[in-house]
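One-letter residues, chain by chain:
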Amino acid sequence: MKVFDIAPVKFADGKMMILDQTQLPGEEIYIEARTKEDVWEAIYHLKVRGAPAIGVAAGYGLYISVRGYEGGDMAGFRKLVGETSEYLNSSRPTAVNLSWALGRMERVLDEAIKAGEKSTHLTVEEAKKLMLAEAEKIRMEDEESCKAMGEYGLSLLKPGMGILTHCNAGTIATAKYGTCLAPIYLGQERGYNFRVFADETRPLLQGARLTSWELYKSGIDVTLICDNMASIVMKNGWIDAVVVGCDRMAANGDGANKIGTSGVAILAKEYGIPFYMFVPTSTIDLNTRTGDDIPIELRKGEEIYRMWYEKNMAPEGVKTYNPSFDVTDHKYITAVITEKGVVRPPYDVNLRKLKDE
Ligand code: MRU
């Protein structure tokens, strides 16, 4: 698949390197994460962002945070892993891939400790190796999963279509290829000539800074619009499908994604345009019953009135409300695209079936 080849997280020669996405599109800079605080800060400040990429960062991040443990006792090591995992999990609340990846790292360790009780005891050094291997596995599986979502997604699209996307669910939001941008890359390779419209995605501009950068550099026909222009491009007849990512999908198919997504979904319904949500199974959380149970991250108001301007664009002291995500009700989602296939309603039944497969 032809894709602008840049990874959000790299691990080589024992170093965890994070592409600082806050510097894009101006500069492509990697920073090294050496401590748990570095990893926490990188996730909190969106240096690494996008649900699957956060999961990948959590895997490597947990490993690099505990690898310096020098005590030989497994109980002490296990305790450190648990505490560090809890700390990293507090960096952002909505994307379930964070707790999913940390839980997976802890589980693999527990299983090996348990197996060791019956035969040769697991040493702390072996446990560290195991954790690095699991982090690698999380990254590689995500890459495979995105490839598969690309194929399933493309099966729903036709050459020449106009496609609207919101936020960034591209290669830098995942291990590689992206979730909802994967079919666009695949389509480009196969001569589909899509016309992509990217919502700028206020307030942190993931659509402008990241999606338009990624697609433009890949040679894809992309047009940047402000969020409040989604309706007019739909009315003009320029949009044939909407594709978006997801940070957490509840058991009933309600999906949390970047703030503004639910409005786009409601508009799409009004204009009769299919709305596709791309959700790897690592982002489906059957323990969360409905969208009302998904924790929504609230961020500082200065992101709205100050961050991208030379001076304040609102009166000093004005009240702000800055939720980072909203929940799209399942009734607006035409289909959910996963790495295992395309899921259609009723989502409460079909998502569970898919996870059980
Ligand atoms: O705040 P962000 O930039 O982490 O939000 C990202 C999104 O909402 C993405 O659409 C979602 O994580 C899916 S990424 C494949």
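The structure under discussion appears in the preceding block.
The model shown is predicted, which means the values in this text are computed figures rather than measured ones.

Draft legend 1. Looking closely at the site of the ligand. Taken together, 19 residues lie near the ligand, and Ala-51, Arg-92, Asp-247, Asn-257 and Lys-258 sit nearest. For the ligand, an oxygen atom lies 2.8 Å from a polar atom in the side chain of Arg-92. Protein contacts shield 100% of the accessible area of the ligand, which totals 420 Å² for the unbound molecule. Counting only elements with at least two residues in the shell around the ligand, the list comes to α2 (51–66) and β9 (255–258). Classifying every residue of the shell around the ligand gives 8 nonpolar, 7 polar and 4 charged. Here the shell around the ligand spans two domains, since at least three of its residues come from each of domain 1 (3–146) and domain 2 (148–356).

Draft legend 2. Structural detail: a nonpolar patch on the surface. On the surface, a cluster of nonpolar side chains totalling about 400 Å² of accessible area is made up of Met-307, Trp-308, Tyr-309 and Met-313. Along the polypeptide, Met-313 turns up in the loop between α10 (302–305) and β12 (325–328).

Draft legend 3. How the structure looks around the pattern of salt bridges. Scanning the entire structure with this criterion turns up 20 salt bridges. We note a salt bridge from Lys-147 to Glu-144, for which the minimum N-O separation is 4.0 Å. Taken together, the residues Lys-147 and Glu-144, both in helix α5 (residues 124–154) and 3 residues apart, mark about one turn of the helix. Lys-147 gets classed as partly exposed once you look at its relative accessible area, which sits at 33%. Arg-299 serves as the salt-bridge partner of Glu-297, at 2.6 Å between the closest nitrogen and oxygen. The class of Glu-297 is buried, set by a relative accessible area of 4%. By relative accessible area, Arg-299 is classed as buried at 13%. Overlapping salt bridges bring together Arg-92, Glu-297, Arg-299 and Glu-303 as one network.

Definitions and cut-offs
- Residues numbered from 1 in each chain as written.
- Predicted model: local features only at pLDDT ≥ 70, side-chain atom pairs only at ≥ 80, totals over all residues.
- Heavy atoms only, no water.
- Near = heavy atom within 4 Å.
- Polar contact = N/O pair within 3.5 Å; in protein donor to acceptor, adjacent residues only side chain to side chain.
- Areas by Shrake-Rupley, 256 points an atom, 1.4 Å probe, with all protein chains shown as cover.
- Helix = DSSP H or I, 4+ residues; strand = E, 2+ residues; numbered from the N terminus.
- Nonpolar A, V, L, I, M, F, W, Y, C, P; charged D, E, K, R; others polar.
- Domains from an automatic or database assignment.
- Patch = residues over 30% accessible without salt bridge, like charges linked within 9 Å, V, L, I, M, F, W, Y side chains within 5 Å.
- Salt bridge = Lys/Arg side-chain N within 4 Å of Asp/Glu carboxyl O.
- Buried < 20%, exposed > 50% of the residue type's maximum accessible area, 1.4 Å probe, protein only.

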